[in-house]
Amino acid sequence: MSFSLDLKRELITRTDTAIHCKMAELGGIISINARFIKREDTNPEEEIISIRADSEELAGKISRLLYNVFEKQFAFDSIYVEQKKGYRIIISDPEVLELLKSRIKLMKNDCYAEPGLTITQHTCCKKAFLRGAFLAGGSVSSPEKAYQMEIACTTENNAERLLSILKALHLDARSIKRKNRYIVYIKDGDTISDFLGVTGGMNSMMEFENIRILKDIRNSINREVNCDTANINKVVNAAAKQIDDINLIIEKRGLDSLPEQLREVARLRLMHPHLSLTELGEKLDKPLGKSGVNHRLARINEIAEKIRSND
């Protein structure tokens, strides 16, 4: 099971007690997945509303929200119709349609249904609206792979509205047009975590944070290992060059040609090719720091380079 599906299943079970929050959550779903369509039976000129749901669980939640918002059960022509890519909830009862339009201030934008702004006046309603919008058209990548949360909107107005709500809740998001959709997205791990908490996905937020912590620990360990490896390679490469210089001097002039201080360092370097300059300095009869050892090896290098230039 994917992280995104687990989150949606958790959010589907999340239920607000206040009727205005239920209207806001229903409005969030409708803003993403509802269309006005023509009747195909009694009156082809009459428009009805179709709400798409990508799972039976979401279709059931939409039906419950409809019943809650209207405060009584209506005899729907059909509650949901199974399709290859999900379900459609059909609202064709004229009384239900009128109540829906008045309760959530439903407007028509081309063929799309857009709830009015008044249903998201309260902070709690903004959170519920976001939950509904995510359930209808949202997805979030597993934090093990990437930090990416998206909600696909059908109209630019809906995308701008979501951005406004996210901003009001101090959640930084952006939008981009992708084909015929307007994508509202978040790529920051902290903000995605806050979004999960705001919409009511507390279990998913805890899992998200646990994965982030483990991921950060692994990345930190990898950085340290890479740094250590780089330092080791640097020491090995430098030591190999120093040994080449010393062997050249031995071959051309003999080790005794070096001053005593340089000769001592040269012998130690040949005996301990993998030691760092600090460790090498600690083995001298009169211990030296890193800079002192480096200075003596630099003098050996100058002598070797002169030999090379003369040859």
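Now for a look at the structure at hand.

Conventions adopted
Residues numbered from 1 in each chain as written. Predicted model: local features only at pLDDT ≥ 70, side-chain atom pairs only at ≥ 80, totals over all residues. Heavy atoms only, no water. Helix = DSSP H or I, 4+ residues; strand = E, 2+ residues; numbered from the N terminus. Rg over C-alpha atoms; globule rule 2.2 N^0.38 Å. Buried < 20%, exposed > 50% of the residue type's maximum accessible area, 1.4 Å probe, protein only. Contact = heavy atoms within 4.5 Å. Areas by Shrake-Rupley, 256 points an atom, 1.4 Å probe, with all protein chains shown as cover. Lys, Arg positive; Asp, Glu negative; His and termini not counted. Charge placed at Lys NZ, Arg CZ, Asp CG, Glu CD. Patch = residues over 30% accessible without salt bridge, like charges linked within 9 Å, V, L, I, M, F, W, Y side chains within 5 Å. Salt bridge = Lys/Arg side-chain N within 4 Å of Asp/Glu carboxyl O. Axes fitted to C-alpha atoms, helices over the stretch in contact; angles between N-to-C directions. Parallel < 35°, antiparallel > 145°, perpendicular 65-115°, else oblique. Left-handed = near helix turned anticlockwise from the far one by under 90°. Core = buried A, V, L, I, M, F, W, Y, C linked by side-chain atoms within 4.5 Å. Pairing = 2+ DSSP bridges. Nonpolar A, V, L, I, M, F, W, Y, C, P; charged D, E, K, R; others polar.

### Some points on the overall build of the protein
(1) Moving on: Helix and strand counts for the protein come out as eleven helices and ten strands.
(2) Moving on: Here the C-alpha atoms of the protein give a radius of gyration of 35 Å, more than 25% beyond the 19 Å that 2.2 N^0.38 yields for 311 residues.
(3) Moving on: Taken over 311 residues, the protein has a buried fraction of 45%.
(4) Moving on: Across the protein, the fraction of contacts at a sequence separation of at least 24, relative to all contacts at a separation of at least 6, is 63%.
(5) Moving on: About 17,100 Å² of surface is accessible on the protein, with carbon and sulfur atoms providing 49% of the total.
(6) Moving on: Charged side chains in the protein number 48 positive and 45 negative. The centres of these two groups are separated by 3 Å.

### Focus: a nonpolar patch on the surface
(1) Moving on: A cluster of nonpolar side chains, contributed by Ile 213, Leu 214, Ile 217, Ile 221 and Val 225, occupies part of the molecular surface with about 440 Å² of accessible area.
(2) Moving on: Look at Ile 213 and you get partly exposed, because its relative accessible area is 46%.

### Topic: the packing of helix 1 (residues 3–13) against helix 3 (residues 56–70)
(1) Moving on: Two elements in contact, helix 1 and helix 3, have axes whose closest approach is 10 Å; the angle formed by their N-to-C orientations is 25 degrees. It follows from the interaxial angle that helix 1 and helix 3 lie roughly parallel. Both helix 1 and helix 3 take part in a crossing whose hand is left-handed. Only Glu 57, Leu 58, Lys 61 and Arg 64 of helix 3 make contact with helix 1, whose side of the interface consists of Arg 9, Leu 11 and Ile 12.

### Description of the nonpolar core
(1) Moving on: Within the largest apolar cluster, 61 residues are counted, with the highest numbers of intra-cluster contacts made by Leu 100 and Phe 195.
(2) Moving on: Ranked by residues supplied to this core, first place goes to helix 5 (residues 123–137) with eight residues.
(3) Moving on: Apart from residues lying up to four places away in sequence, Leu 100 is in contact with Leu 26, Ile 30, Ile 49, Leu 66, Phe 70, Ile 91, Lys 105 and Leu 106.
(4) Moving on: Counting 18 residues, the second largest nonpolar core, distinct from the first, contains Leu 258, Leu 262, Leu 277 and Val 293.

### A closer look at the pairing of strand 4 (residues 86–91)
(1) Moving on: Where burial is concerned, most of strand 4 is hidden: five out of the six residues are buried.
(2) Moving on: By the bridge criterion, five bridges tie strand 2 (residues 47–53) to strand 4 in an arrangement that is antiparallel. Of the residues in strand 4, the one forming a bridge with Ser 50 is Ile 90.

### A word on the pairing of strand 10 (residues 181–186)
Looking along a regular strand, one sees the side chains alternate between the two faces of the sheet.
(1) Moving on: The element strand 10 is largely enclosed, with a buried count of five among its six residues.
(2) Moving on: Looking at chain direction, strand 9 (residues 174–178) and strand 10 are connected through five bridges and run antiparallel. Across the sheet, the residue bridging to Lys 177 is Tyr 182, located in strand 10.
(3) Moving on: Count of turn residues in the strand 9/strand 10 antiparallel hairpin: two residues, of which Lys 179 carries a positive phi of about 60 degrees.

### A short note on the pattern of salt bridges
(1) Moving on: Under the defined criterion, the tally for this structure stands at twelve salt bridges.
(2) Moving on: Where Asp 16 meets Arg 131, a salt bridge forms, and the shortest distance between an N and an O atom there is 2.3 Å. One end of the pair, Asp 16, is in the loop between helix 1 and helix 2 (19–33); the other, Arg 131, is in helix 5, and 115 residues separate them in sequence. As far as the burial class goes, Asp 16 and Arg 131 line up, both buried.
(3) Moving on: Where Lys 241 meets Asp 245, a salt bridge forms, and the shortest distance between an N and an O atom there is 3.0 Å. Of this pair, Lys 241 and Asp 245 both sit in helix 8 (residues 202–252), four residues apart, roughly one helical turn.
(4) Moving on: Since its relative accessible area comes to 35%, Lys 241 is described here as partly exposed.
(5) Moving on: Of the residues examined, Asp 245 reaches a relative accessible area of 2% and is grouped as buried.
(6) Moving on: Where salt bridges share partners, they join Arg 14, Asp 16, Glu 25, Lys 61 and Arg 131 into one cluster.

### Focus: the environment of Cys 111
(1) Moving on: Looking at the element boundaries, Cys 111 is found in the loop between strand 5 (107–109) and strand 6 (112–114).
(2) Moving on: Taking the C-alpha atoms as reference, Cys 111 lies 52 Å from Asn 222; in sequence the two are 111 residues apart.
(3) Moving on: If we skip the residues at most four places from it in the chain, Cys 111 touches Arg 35 and Phe 36.

### Here's the deal with the packing of helix 5 against helix 7 (residues 189–199)
(1) Moving on: As a packed pair, helix 5 and helix 7 sit with axes 8 Å apart at the nearest point and diverge in direction by 105 degrees. On the basis of their axis angle, the class for helix 5 and helix 7 is roughly perpendicular. Counting all contacts with helix 5, which are made through Lys 127, Leu 130, Arg 131 and Phe 134, the residues of helix 7 involved are Phe 195, Val 198 and Thr 199.
(2) Moving on: For the contact of helix 5 with helix 7, the residue count by class is four nonpolar, one polar and two charged.

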